[in-house]
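# Examining the three-dimensional arrangement
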Amino acid sequence: MGIREQFVRTNAATLAGPQGPIRLPDEIAPVRKKPFAAPPRLRRLPVERTWPTWFVVAFQATILVASLGLWELATRVGWMDAFFWSRPSAIFATLLVFFTAGDAMTDIWFTFRAAIIGFVLGTSAGTALGLSFWWSRNYANLAQPYIVCFESIPKLALAPLIILVFGVGLSSKIAIGVALTVVVSTLTTFSGVKSVDGDLERLMYSLGASRWQVFCKVVFPSVLPWGISVLRVNIGLALTGAIVGEFIASQHGLGRAILYAGQTYEIALVWVAVLVLSMLSIAMYLGVSRLESVLLRHVKR
Amino acid sequence: MPISKIELSGVSQQFKKPDGTVFHALENVTIRVEAGKFISLIGPSGCGKSTIFNIIAGLQQPSRGAVIINSKDATGMVGGVGYMLQKDLLFPWRTVLDNIVLGLEVRGVSNREAREYALPFVHKYGLGGFEHAYPGALSGGMRQRAALLRTLLYDSEVILLDEPFGALDAQTRSRMQEWLLQIWHDFRKTVIFVTHDVEEAVYLSDDIYVMAARPGRVKARLEVPIARPRPREVMLERPFMLIKEECLKLLGQFEEHAEAA
Ligand SMILES: Nc1ncnc2c1ncn2[C@@H]1O[C@H](COP(=O)(O)OP(=O)(O)OP(=O)(O)O)[C@@H](O)[C@H]1O
Ligand SMILES: [Mg+2]
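In this text the structure is predicted, and so the values were computed from the model without any measurement. (Residues numbered from 1 in each chain as written. Chains lettered and ligands numbered in written order. Predicted model: local features only at pLDDT ≥ 70, side-chain atom pairs only at ≥ 80, totals over all residues. Heavy atoms only, no water.)

Moving on to the overall build of chain A. Each helix and strand in chain A was counted, giving 13 helices and zero strands. Classification of the 301 residues of chain A by burial places 38% in the buried group. Of the contacts made within chain A by residues no fewer than 6 positions apart, 71% connect residues no fewer than 24 positions apart. Summing over all exposed atoms, chain A offers an accessible surface of approximately 18,600 Å²; the carbon and sulfur share of this is 68%. (Helix = DSSP H or I, 4+ residues; strand = E, 2+ residues; numbered from the N terminus. Buried < 20%, exposed > 50% of the residue type's maximum accessible area, 1.4 Å probe, protein only. Contact = heavy atoms within 4.5 Å. Areas by Shrake-Rupley, 256 points an atom, 1.4 Å probe, with all protein chains shown as cover.)

Right under this line is the structure:
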């Protein structure tokens, strides 16, 4: 009896896996004698030393000051046309005027409101729509082509129409924001619904759960991270919607301020409005990021 | 003949394969379990053990045959049995305690009441101090224990356990076996147990159903006439060995050895 048979005999019981005995290959591949053409190579682990925070901040401030200074210089010396490009000092002066005289706060508040309301409405409607697809596969299949079609329309192209329907006031700005955000939320939430762990659902059903219970305890918590992940995208879209609406027809808002300043060649004012808009955008982005991390902390483990 | 607690009569299950042909996952499976018994299913991977469980739990409608629980037709009815699926399936966003009370919660027991009821079990079965941890922070054995507790606290008379100890080390495993026997004894549940470990099946069960694959079917039913309670030493004794060998033989593990010799 060869070694192989002996091995099989003595170890049949212990070696036996669920699929039957583990068979030794008839010919065990010989150990390779000839080395491979590519031998293992020693390398240093790539490590980058982190700069201290003060240094990074100082560096960033230097870059900012230098580019502003260069801009100022360029318009003074004549490398850039100050009529088209304006210059930092003029922009700063206009900024002061913008906030002291005129209705800066009205404009900011108008744009802010339009963006936030559009964001909230579009995101919640989209999330609800996406979640609703869990309830019936037939309904989801039925609705899908319409969603895809709506997705493929460049929504901003519809903006003039929306203004006609909703008027030049706040509601038309909100509507454009909703049109932009609702599809993103719907599609993302629907992806989340499709990725819900079917075994968790089955577990719930095996415990005698109703569909509503499965929805509340499995589907909703599973999809929530997906819904949250679109918040940051949507806040930007809602703001874009508000501004485009203001560009087309509006009595207030930062978008209108930019358009107006541009048409009257007040380039410094354009820059000021863009600057304020950026600040608004950053503030809203940070707010939503904060919201997102708070929500995620409660959702994801 | 005593009335059976749970019965599968002539259950067949077919699946459509992607290429359009029909795959016979189960063929005419009949299993009868009396109340309070501990039954094991053993068989090669893919012979349809989990499918049988899904059918008993009502998660899958069999192509033919019926599931009868307490003399009533329960084919395709959910909620009648406690089922621990092959994966531990703890909800990652719920604490251990909240995972364990899930079954009670679904039935509408108030959260406070359910937790009060569950907490002593958590401590008794080695999860004390982890009741407010999330499953991500648990070891494999603890996760398994939590999933098992969830199944037990669902408080149905029949429980189905699909390889509950598959992922545990040998020591934890034998402790869990003792624990399971204790619980089974205390609560007088009817247990159907799936395992790949023949020794485990013999040690735990009253009856063993040995299955074969392609198509999935019951090959034999063995009784284990070893008195309870069973100290672990019974594993070294002759009756135990004989049954174990019989099982292994039925699983076809000695046949090939005979060819080789
Ligand atoms: N929903 C399904 N659709 C198609 N085929 C399926 C489905 N569920 C199970 N099967 C097939 O049925 C067979 C039995 O599967 P099952 O999960 O019951 O096996 P098992 O005995 O539990 O195996 P294991 O021990 O590996 O868990 C497998 O071949 C599997 O591919
Ligand atoms: Mg299985």
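Still more ground to cover, so stick around.
Turning next to the overall build of chain B. Helix and strand counts for chain B come out as nine helices and 10 strands. For 261 residues, the compact-globule estimate of 2.2 N^0.38 gives 18 Å, and the C-alpha radius of gyration of chain B, at 19 Å, lies within 12% of that figure. By principal-axis analysis of the C-alpha atoms, chain B measures approximately 60 × 45 × 40 Å. Buried residues in chain B amount to 54% of all 261 residues. Long-range pairs, those at least 24 residues apart, make up 66% of the contacts in chain B with a sequence separation of at least 6. Split by element, the accessible area of chain B, about 11,600 Å² in all, is 52% carbon and sulfur. (Rg over C-alpha atoms; globule rule 2.2 N^0.38 Å.)

All names here are of chain B. With distances of 1.9 to 2.3 Å, the protein atoms coordinating the magnesium ion (ligand 2) are Ser 50 (OG) and Gln 86 (OE1). Taken together, the residues span a long stretch of sequence, with Ser 50 in helix 1 (residues 49-56) and Gln 86 in the loop between strand 6 (82-84) and helix 2 (96-100) at a distance of 36 residues. In this structure Ser 50 comes out as partly exposed when scored by relative accessible area, which is 24%. (Donors = N, O, S within 2.8 Å, 3.2 Å for Na, K, Ca; no water.)

Looking now at the sheet that holds strand 10 (residues 217-223) of chain B. All names here are of chain B. The strand order across the open sheet built from six strands is 6-7-8-3-9-10, with neighbouring strands paired in mixed fashion. Looking along the sheet, the strands with just one partner apiece sit at the ends: strand 6 and strand 10. For this sheet, the mean inter-axis angle between neighbouring strands, taken without regard to orientation, is 15°. In the packing of helix 6 (residues 170-187) onto the sheet, the strands contacted are strand 3 (38-42), strand 7 (158-162) and strand 8 (190-194), and the crossing angle to strand 3 comes to about 135°. Sheet strands in contact with helix 8 (residues 238-250) are strand 3, strand 9 (207-212) and strand 10, and its direction is about 170° off that of strand 10. (Pairing = 2+ DSSP bridges. Axes fitted to C-alpha atoms, helices over the stretch in contact; angles between N-to-C directions.)

All names here are of chain B. A large share of strand 8 lies buried, amounting to five of its five residues. By the alternation rule, side chains of strand 8 split into Thr 190, Ile 192 and Val 194 and Val 191 and Phe 193, which are all buried. Pairing geometry for strand 3 and strand 8, over four bridges, is parallel. When the sheet's bridge partners are listed, Leu 41 is paired in strand 8 with Val 194. With five bridges connecting them, strand 7 and strand 8 associate as parallel partners. By the bridge assignment for strand 8, Asp 162 is matched with Val 194. In this fold, strand 7 hands off to helix 6, which returns the chain to strand 8; that crossover is right-handed. (Right-handed = clockwise from strand over helix to strand, strands pointing away.)

Moving on, we come to the pattern of salt bridges. Residue and element names in this part refer to chain A. Applying the stated criterion to the full structure yields 20 salt bridges over all chains. Between Arg 87 and Glu 72 there is a salt bridge, with the nearest N and O atoms lying 4.0 Å from each other. Here the residue Arg 87 occupies a position in the loop between helix 3 (82-85) and helix 4 (88-100), and Glu 72 occupies one in helix 2 (residues 53-77), the gap between them amounting to 15 residues. Between Arg 202 and Asp 199 there is a salt bridge whose closest N-O contact spans 3.2 Å. Of this pair, Arg 202 and Asp 199 both sit in helix 9 (residues 198-206), three residues apart, roughly one helical turn. Through salt bridges with shared partners, one network takes in Glu 72, Arg 76 and Arg 87. (Salt bridge = Lys/Arg side-chain N within 4 Å of Asp/Glu carboxyl O.)

We now examine the environment of Ala 90 of chain A. In this fold, Ala 90 of chain A is placed in helix 4. C-alpha separation for the pair Ala 90 of chain A and Val 272 of chain A, spaced 182 residues apart in sequence, amounts to 9.9 Å.

Here the focus is the site of ligand 1. All names here are of chain B. Taken together, 13 residues lie near ligand 1, and Ser 45, Lys 49, Ser 50, Thr 51 and Gln 86 sit nearest. At 2.8 Å, a side-chain N or O of Lys 49 approaches an oxygen atom of ligand 1. Between an oxygen atom of ligand 1 and a side-chain N or O atom of Ser 50, the distance comes to 2.7 Å. Protein contact buries 63% of the 630 Å² of open area that ligand 1 shows by itself. Listed by contribution, the elements that provide at least two residues to the shell around ligand 1 are strand 2 (22-34) and helix 1. Element by element, the count of residues in the shell around ligand 1 is highest for helix 1, at three residues. Residues of the shell around ligand 1, tallied by class, amount to four nonpolar, seven polar and two charged. (Near = heavy atom within 4 Å. Polar contact = N/O pair within 3.5 Å; in protein donor to acceptor, adjacent residues only side chain to side chain. Nonpolar A, V, L, I, M, F, W, Y, C, P; charged D, E, K, R; others polar.)

Let's shift gears to the side chain of Arg 150 of chain B. One can find Arg 150 of chain B in helix 5 (residues 140-153). Summary of buried charges: Arg 150 of chain B has no salt-bridge partner, and the nearest side chain of opposite charge, Asp 88 of chain B, is 6.5 Å away. Those residues in contact with Arg 150 of chain B that sit more than four places away from it in its chain are Leu 203 of chain A together with Asp 88, Leu 89, Leu 90, Phe 91, Asn 99, Ile 100 and Leu 102 of chain B. (Lys, Arg positive; Asp, Glu negative; His and termini not counted.)

Our next topic: the sheet that holds strand 4 (residues 64-69) of chain B. Residue and element names in this part refer to chain B. Taken in spatial order, the four strands of this open sheet run 2-1-4-5, and their pairing is antiparallel. At either end of the open sheet lies a strand with only one pairing partner, and these are strand 2 and strand 5 (72-73). Across five bridges, strand 1 (residues 4-16) lies against strand 4 in antiparallel orientation. Within strand 4, the residue paired with Leu 8 across the bridge is Val 67. Here helix 1 sits on the sheet in contact with strand 1, strand 2 and strand 4, set at roughly 115° to strand 1.

Interfaces are often sized by the accessible area lost when the parts come together. Residue and element names in this part refer to chain B. The domain architecture assigned to chain B consists of domain 1 (4-76 + 158-168 + 187-260) and domain 2 (82-155). Taking only C-alpha atoms into account, the centre of domain 1 sits 26 Å from that of domain 2. Residue-level contacts link 16 residues of domain 1 with 13 residues of domain 2. Buried area between domain 1 and domain 2, both sides added, is near 1,200 Å², and the carbon and sulfur share of it is 59%. (Domains from an automatic or database assignment. Buried area = accessible area lost by both parts, 1.4 Å probe.)

Regarding helix 9 of chain A, the residues found buried are Asp 199, Leu 200, Glu 201, Leu 203, Met 204 and Ser 206 of chain A. Its side-chain oxygen 2.9 Å from the backbone nitrogen of Asp 199 of chain A, Asp 197 of chain A forms the N-cap of helix 9 of chain A.

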